[in-house]
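Take a look at the letters that make up each chain.
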Amino acid sequence: MRFEVYGGFSARRSGDEFYTLLPGMPDKNEARQVLREMWNLITTSMLDVPGGQKVRVRVSGGIAWYPEDSRSFEDLLRYADFAMYSGKRSRKGVLLDFSPSLYADEGFLLSGQEKFNQLLEEGLMNFAFQPIVRACDGAVYGYEMLMRSQLPEIRSPLEILRFARAQGKLFMVERLTWFGSMRAFCAAADQGIIPEDAHVFINSIASEALSEADMEQFVGLFGSRIPRIVLELTESEPMNAALTQRKRDFIQAQGGQIAIDDFGSGYSSESVLFSILPDIVKLDMSLVRNIHREKGKQAVLRSLIRYAKKEGIQVLAEGVETYDELGALVELGVDLVQGYLIGKPSLEAPQISQETRARLTQIYAQRHRR
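What you are looking at is a predicted structure, and each value in this text was computed from that prediction instead of being measured.

Quick notes on the rules
Residues numbered from 1 in each chain as written. Predicted model: local features only at pLDDT ≥ 70, side-chain atom pairs only at ≥ 80, totals over all residues. Heavy atoms only, no water. Helix = DSSP H or I, 4+ residues; strand = E, 2+ residues; numbered from the N terminus. Buried < 20%, exposed > 50% of the residue type's maximum accessible area, 1.4 Å probe, protein only. Contact = heavy atoms within 4.5 Å. Areas by Shrake-Rupley, 256 points an atom, 1.4 Å probe, with all protein chains shown as cover. Lys, Arg positive; Asp, Glu negative; His and termini not counted. Charge placed at Lys NZ, Arg CZ, Asp CG, Glu CD. Core = buried A, V, L, I, M, F, W, Y, C linked by side-chain atoms within 4.5 Å. Salt bridge = Lys/Arg side-chain N within 4 Å of Asp/Glu carboxyl O. Arc of directions from axis to C-beta. Pairing = 2+ DSSP bridges. Axes fitted to C-alpha atoms, helices over the stretch in contact; angles between N-to-C directions. Phe/Tyr/Trp six-rings, centres within 6.5 Å; stacked < 30°, edge-to-face > 60°. Lys NZ or Arg CZ within 6 Å of the ring centre and 35° of its normal.

Participant: Teacher, can you tell me more about the overall build of the chain here?
Facilitator: Secondary structure assignment for the chain yields 15 helices and 14 strands. Over its C-alpha atoms, taken along the principal directions, the chain stretches across nearly 90 × 50 × 35 Å. With 370 residues in all, the chain has 46% of them scored as buried. Across the chain, every contact between residues at least 6 apart in sequence was considered, and the portion connecting residues at least 24 apart equals 65%. In the form shown here, the chain has an accessible surface area of approximately 18900 Å², with 50% of it arising from carbon and sulfur atoms. A gap of 4 Å separates the mean positions of the 44 positive and 49 negative side-chain charges of the chain.

The following block contains the structure:
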């Protein structure tokens, strides 16, 4: 094999990861031919496993070129790593070249993977409470639990999801969210910090679901409070119909509710609304913003509220920041309200001020006298 002719060698880095170096190649075409031979040999190999079965080997790889990508050995290793992880994110079992432009956008996914793994393994995540109130009187209906990293290197929930997606660990984030949210909520309820009848809104990744064993453990830990769960289905990942149904069946069997998140954002559409028939629809803030000025948004919301009332679905407006927006939403007929105007997310469940409750009650009374 030409791999040996050119003095190439492979060495194990750790776990199931290996580095291969091909020094002395006359050009890229020759190097690619050698890599192709290696790739075909690996991917057509079979492993014997207990029980007399054979399993085909599947591998993902990344290529970095000297000197085009870098003259630094350490950089070349890092770039090859990044190309491999990029391949695994798109579809497993591919060999990709390093992309400088992609690295400029997503290089932090590689440099921060150690910290992300630490976050998951040690559960270094807090959950902030953001209040959701009734539009008629400002009384607390529940709290959305929003994940917050304890590590300064990983700042936002979006970064957490990007790391998880890149490393195929969305399930671990899903599990941590369910259990972490309920632990924080139950601790606050036990201390009397939140109303006894408050609901807990938990964000769920559309493509993931707890295992049967996890569900049993969840019921064992939180059984008496599971009826207070509102499970928010968000479509930041492609929705898996079977897993969605399993989550819906589990929550509803326990007396909890289902919500569709981000309605009007482009992720959640009418087809999802009709197929799931949730208990609550959450309007995305893009639909809420400046709704008092925009007739088109008002028309969309009127249509949705007519349908929701007919089906017994509550409409929740999130991202409310001004009293003008609040007034328009109340007049249009929303049932629940969430946003910075009501209360910002906080690790200690925020209380609704008497002023906010009084203003909301006044707005509701004025709008419904017309």
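There is more to say, and it comes next.
Participant: Just checking my understanding: could you explain the nonpolar core for this structure?
Facilitator: One broad rule of soluble globular proteins: the nonpolar side chains tend to lie buried together. Ranked by internal contacts, the top residues of the largest apolar core, which has 75 residues, are V173, W178, F218, I229, L283, L301 and V334. No other element matches helix 8 (residues 170-190), which puts ten residues into this core. Ignoring anything within four residues of it in the chain, the contact list for F218 reads W178, F179, M182, G223, I226, I229 and F250. Within the second largest apolar cluster, eight residues are counted, among which are Y141, V230, I280 and L316.

Participant: Explain the pattern of salt bridges here, please?
Facilitator: Side chains bearing opposite charge may pair, as long as their charged atoms lie close to each other. Scanning the entire structure with this criterion turns up 17 salt bridges. For the salt bridge of K28 with E68, the shortest nitrogen-to-oxygen distance reads 3.8 Å. Remark: E68 occurs in the loop between strand 5 (61-63) and helix 3 (73-90) and K28 occurs in helix 2 (residues 28-43); sequence separation between them is 40 residues. For K28, a relative accessible area of 34% gives the class partly exposed. One salt bridge in this structure joins K297 and E294, with 3.6 Å as the shortest N-O distance. Three or more residues are tied together by salt bridges with common partners; here these are E144, E232, K282 and E318.

Participant: I'm lost on unusual backbone geometry in this one. Help?
Facilitator: Outside of glycine, negative phi angles account for most residues, and trans bonds account for most peptide bonds. P67 follows Y66 through a cis peptide bond whose omega is 0°. The backbone of N290 sits at a positive phi, close to 60°, despite the residue not being glycine. The residue N290 is located in the loop between helix 12 (285-288) and helix 13 (295-311) in this model. N290 sits in the partly exposed class, given a relative accessible area of 25%.

Participant: Help me understand helix 6 (residues 113-122), please; the structure alone is not making it clear to me.
Facilitator: What sets the pattern is the α-helix's 3.6 residues per turn: residues three or four places apart point alike. Buried within helix 6 we find Q113, F116, N117, L119 and L120. Projected onto a plane normal to the axis of helix 6, the buried residues spread over an arc of 155° and lie on a single side. With respect to the buried face of helix 6, the exposed residues turned more than 90 degrees away are E114, E121 and E122. Two residues or fewer after helix 6 comes G123, characterised by a positive phi angle close to 60°.

Participant: Honestly, the sheet that holds strand 10 (residues 229-234) in this entry has me stumped. Any pointers?
Facilitator: Neighbouring strands of a sheet are bound in pairs by backbone hydrogen bonds; such pairs are parallel or else antiparallel. Spatially, the eight strands close up into a barrel ordered 7-8-9-10-11-12-13-14, and their pairing is mixed. Averaged over all neighbouring strand pairs, the angle between strand axes comes to 30°, with direction disregarded. Summarising the sheet, strand 10 and strand 11 (residues 257-263) pair through four bridges and their orientation is parallel. Across the sheet, L231 pairs through a bridge with I258, a residue of strand 11.

Participant: Explain the environment of K309 here, please?
Facilitator: Relative to the elements of secondary structure, K309 occurs in helix 13. Considering only alpha carbons, one finds K309 and I342, 33 residues apart in sequence, at a separation of 24 Å. Once you skip the residues sitting within four places of it in the chain, K309 turns out to touch G333 and D335.

Participant: What exactly am I supposed to notice about the pairing of strand 12 (residues 280-283) here?
Facilitator: Two faces make up the sheet, and in a regular strand the side chains alternate between them. Burial along strand 12 is two-sided: I280 and K282 facing one way and V281 and L283 facing the other are all buried. Where strand 12 and strand 13 (residues 314-317) come together, four bridges link them in parallel fashion. Note that in strand 13 the partner of V281 across the bridge is V315.

Participant: Teacher, can you tell me more about the packing of aromatic side chains here?
Facilitator: With the rule as written, the count across this model stands at ten aromatic pairs. Just above the ring of F179 sits the side chain of R175; from NZ or CZ to the centre is 4.5 Å. Geometry around Y323 places R359 over its ring, the cationic atom sitting 3.7 Å from the centre.

Participant: Help me out: how do you make sense of the environment of I305 in this one?
Facilitator: Assignment of secondary structure puts I305 in helix 13. Accessibility expressed as a relative area gives 5% for I305, which makes it buried. Spatially, the C-alpha atom of I305 lies 6.9 Å from that of G333, the residues being 28 residues apart in sequence. Sequence-distant contacts of I305, that is, excluding residues within four places in its chain, are made with V315, L332, G333 and V334.

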